[in-house]
Amino acid sequence: MSSASPTGPQGQNRPKLACSLCARRKVKCDKGEPCSNCLKAHAQCLYEAPAPPRPRKRAADEELLARLARYEELMRKHNIDFSSHAHCWISSNQKTQPKVSHPAGSRTEVGGETSVHSQGRLTESTDAKREQCLWSNLRPELMYPPIQSLRHKDDPLLYPTPSLEEAISDTQSIHDVHPEPKHIYRLWQIFVERVHPMTKIVHVPTLQQRILDTSCNSYCASKPLTAIIFAIYTISITSISAGDCETYFGVGKALLLRQYRTATLRALIAADFLTTSDLEVLQALVLFLFSNPGCDLATTLSGAALRLAEKMGLHQDTSDPNISFFEKEMRIRLWWQLCGLGARCRISSTPGMKKPPPTSEIGDVRLPLNVNDADLHPDMTEPPLEHNGPTEMMCVLLKMEASNWRRHFPTATKLFESVMQGSIRSKEVIELECKAVDELNDIYCRKYFHNSDPHIPLHSLTHAIAKLSIARFRFKIRHPRGRLTAADNNAYFTREESDILFESCLTWVQCMMDIRLRSKFPYYLFTHLTTDSYMDAYIYLLSELRRRCSGDRVALAWQLVEELFNEHPELIDGDDDFYAAFGDLVLDAWEHHSHELKESPGGLGFVTKPRFIERLYHEKSSRGRPRYSNLPSFSDLRELGGLEPQDENDSNWLYWEEFLRL
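Fair warning: this is a prediction, and the values are worked out from it, not measured in the lab.

**Focus: the overall build of the protein**
Line of reasoning, step 1. On a plain count of helices and strands, the protein comes out with 26 helices and 2 strands.
Line of reasoning, step 2. Within the protein, counting contacts between residues at least 6 apart in sequence, those at least 24 apart form 77% of the total.
Line of reasoning, step 3. Carbon together with sulfur atoms contributes 51% to the accessible area of the protein, which is approximately 31,500 Å² in total.

**Section: the pattern of salt bridges**
Line of reasoning, step 1. For the structure on display, the rule yields 24 salt bridges.
Line of reasoning, step 2. For E131, the salt bridge is made with R547, and the minimal N-O distance between the two is 3.9 Å. With a gap of 416 residues between them, E131 in strand 1 (residues 131-132) and R547 in the loop between helix 21 (535-544) and helix 22 (552-567) connect regions that are remote in the sequence. Here E131 and R547 have matching classes, each one buried.
Line of reasoning, step 3. Its salt-bridge partner being R548, residue D499 comes within 2.9 Å of it at the nearest N-O pair. Highlighted residues: D499 in helix 20 (residues 495-518) and R548 in the loop between helix 21 and helix 22, separated in sequence by 49 residues.
Line of reasoning, step 4. Put simply, E131, R495, D499, E544, R547 and R548 are held in one network by salt bridges that share partners.

**Considerations on the packing of helix 16 (residues 394-408) against helix 18 (residues 427-448)**
Line of reasoning, step 1. Here helix 16 crosses helix 18 at 145 degrees, and the two axes come no closer than 11 Å. Judged by the twist between their axes, the crossing of helix 16 over helix 18 is right-handed. Here M394, L397, L398, E401, A402 and W405 of helix 16 come into contact with helix 18, specifically with A436, E439, L440, I443, Y444, K447 and Y448.
Line of reasoning, step 2. Of the residues contributing to the contact of helix 16 with helix 18, the split by class is 10 nonpolar, no polar and 3 charged.

**Description of helix 8 (residues 181-199)**
Line of reasoning, step 1. The principal kink in helix 8, of about 45 degrees, is found at V192.
Line of reasoning, step 2. Looking at helix 8, one finds that the buried residues are H183, I184, L187, W188, I190, F191, R194, V195, H196, P197, M198 and T199.

**Points about the nonpolar core**
Line of reasoning, step 1. Counting 154 residues, the largest nonpolar core has W558 and F582 as its most contacted members.
Line of reasoning, step 2. With 11 residues, the top contributor of residues to this core is helix 19 (residues 457-478).
Line of reasoning, step 3. Apart from residues no more than four positions distant in its own chain, W558 is found in contact with L542, L545, V586, A589, W590, H593, F612 and I613.

**Digging into the UniProt feature "domain: Zn(2)-C6 fungal-type" (unreviewed entry) in the protein**
Line of reasoning, step 1. UniProt tags residues 18-47 as "domain: Zn(2)-C6 fungal-type" (unreviewed entry).
Line of reasoning, step 2. Note that residues 18-47 is 40% helix and 0% strand, and that its end C-alpha atoms are spaced 7 Å apart.

**Quick word on the side chain of T214**
Line of reasoning, step 1. Relative to the helices and strands, T214 resides in helix 9 (residues 204-216).
Line of reasoning, step 2. Owing to a relative accessible area of 7%, T214 belongs among the buried residues under this scheme.
Line of reasoning, step 3. Beyond its immediate chain neighbours, meaning those up to four positions away, T214 contacts A221, L225 and I229.

**Remarks on the state of the cysteines**
Line of reasoning, step 1. Under the counting rule described, the total for this entry stands at 0 disulfides.
Line of reasoning, step 2. Sulfur of C45: no disulfide; nearest cysteine sulfur belongs to C38 and is 3.7 Å away.
Line of reasoning, step 3. You can call C45 buried: its relative accessible area is 18%.

**A closer look at unusual backbone geometry**
Line of reasoning, step 1. Following E33, the chain continues to P34 via a peptide bond in cis, the omega torsion being 0 degrees.
Line of reasoning, step 2. By secondary structure assignment, the location of P34 is in the loop between helix 1 (20-25) and helix 2 (36-41).
Line of reasoning, step 3. Of note in this structure, K31 is not a glycine but carries a positive phi near 60 degrees.
Line of reasoning, step 4. Along the chain, K31 turns up in the loop between helix 1 and helix 2.
Line of reasoning, step 5. According to the relative accessible area criterion, K31 is partly exposed, its value standing at 24%.
Line of reasoning, step 6. Within the chain, N451 stands out as a residue other than glycine whose phi angle is a positive 65 degrees.
Line of reasoning, step 7. Within the element layout of this structure, N451 appears in the loop between helix 18 and helix 19.
Line of reasoning, step 8. Look at N451 and you get exposed, because its relative accessible area is 61%.

**Digging into the confidence of the model for the protein**
Line of reasoning, step 1. Here the protein averages 78 in pLDDT, and 75% of its residues register 70 or above.
Line of reasoning, step 2. The model gives residues 55-60 a pLDDT under 50, and that stretch makes 6 contacts with residues more than four places away or in other chains.
Line of reasoning, step 3. Below a pLDDT of 50 lies the segment residues 86-127, which in the model reaches 57 contacts outside its immediate sequence neighbourhood of four places, other chains included.

Parameters and conventions
- Residues numbered from 1 in each chain as written.
- Predicted model: local features only at pLDDT ≥ 70, side-chain atom pairs only at ≥ 80, totals over all residues.
- Heavy atoms only, no water.
- Helix = DSSP H or I, 4+ residues; strand = E, 2+ residues; numbered from the N terminus.
- Contact = heavy atoms within 4.5 Å.
- Areas by Shrake-Rupley, 256 points an atom, 1.4 Å probe, with all protein chains shown as cover.
- Salt bridge = Lys/Arg side-chain N within 4 Å of Asp/Glu carboxyl O.
- Buried < 20%, exposed > 50% of the residue type's maximum accessible area, 1.4 Å probe, protein only.
- Axes fitted to C-alpha atoms, helices over the stretch in contact; angles between N-to-C directions.
- Left-handed = near helix turned anticlockwise from the far one by under 90°.
- Nonpolar A, V, L, I, M, F, W, Y, C, P; charged D, E, K, R; others polar.
- Bend = angle between axes of the 7 residues up to and from the residue.
- Core = buried A, V, L, I, M, F, W, Y, C linked by side-chain atoms within 4.5 Å.
- UniProt positions renumbered as here; feature names shortened; annotations may be inferred.
- Disulfide = S-S within 2.5 Å.
- pLDDT = per-residue confidence, 0-100.

Listed below in structure tokens is the structure:
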């Protein structure tokens, strides 16, 4: 017996791997034939051929598809025929399947196979006739408006919040600040009817008796309860108009708000709210923050409230036997509302915040149960049976659904962040974003609107918020600012794309006006889903009204524009370049609209001007401002050409984060 020498002639052909026995025993093999270990063991020495190398999987994600689509567009632009190589760039085991509606949990299909189908649909659309979007020819003040929202007359920010120093220096006894018992009942009723359905962080059936007892003797109330009571006074006054405040209480809203805000701060300080471990004190703090969520104090204290909640363990699914099920449920409700408030304050106040807070900050807490307050009781030992239909929690749960969906499906988070950070987005990525919105819409319909009654105010409000949120999301995805080309800085749409964008814009504005003007609930509690950053919608709507001159949807659009001017007279009276450009756009659209009505078959030959149009004309003539002469008509735009697909440029989506504020 002899083994091959490592330095001998056979050394060059020695096996690269250990023999089978050495490999199983995990010992060093000298790779002889046979090896020394097999000789000692008197065993047969066998060498197995190495397994063939595994082929590397080609990347087939949306980023690669986006890059490929961009290269294809460049080749089309330069008349390079690549049709013979169109579908041979990737090796995939996936089989092409017909388009199906994917369930809410099919995230793999949305991120993988679905993107291939999206590419096919978009490739077909690029061959359709495209026209230059009218929005592309607006003045810079309108394409990139410096003003994105207008203050409502009852906006809490219009009533300054007192500082902590003012609250500390107030020497009046806090018990003397309580209103009369009849006014306490009125404030409590306002809270239950208008505020509580939007917050749900206290338990009304158990809190009501305690407040009624306190109305007779405020000295018997504990410090945490006193803080909750004054927070309820504050948020109730905030939720009504100045006229109602005068009618109900005989005092101006500004005076009452200052009085109750100061008293709430004093009650919170007395309860050591910055170091508390008391759930009621934290509830009072959150109610106070919701009474004016846009102020600097709320921005700062929301971060402190989050740290307090984490110290108390609200971010974790606790199994502590000392915490009853009732308290666990109230802790979950409070945590989700506080997370939403914190995200909203951070995005709106932090410069350069172009992505939502990481989903890890939400913790591992489930959503609150879909139950009514009457289903909960402090002495209960087991969870109640959840309802399959609408409950008192439906609006609150709807607000939380987007974050919960993003927490469980990373693909949604990736899509949201790509838009918020202003990254280059191809048509394929836009299609994926549209799929994500469709999925969220399916969740809304499945979970919240089965057996809902539009005649019930809370159901109607929840449905309007959901419709608005989806329409707003679709509008921002397809907005022409994200479709500007590198060649001429213009946006090009097919007629179908333009119709989708117009309908999304109209639905957004219509739902917003319904909520703001025709709902009994205070708009500021859900303003992040309805009223922030809406001037882009009106600008695009008016831009399209220069060519959409007749029909029911056009009539509705003009009605909504009129309501905007009625609510905000500063659009006419304001001395600002943006207001001037916006007014000129309105007048240009009106001239196209009135001309179409005059020339249409059966037209009367004249059109009655609405009051706001007459005021705009008068204001422009009195100030000597020229009309908006650089707005080309729709017929002029048809002669500009540019019907081929265009390159997409980087889009600066400054306002996408509004959808994710909770």
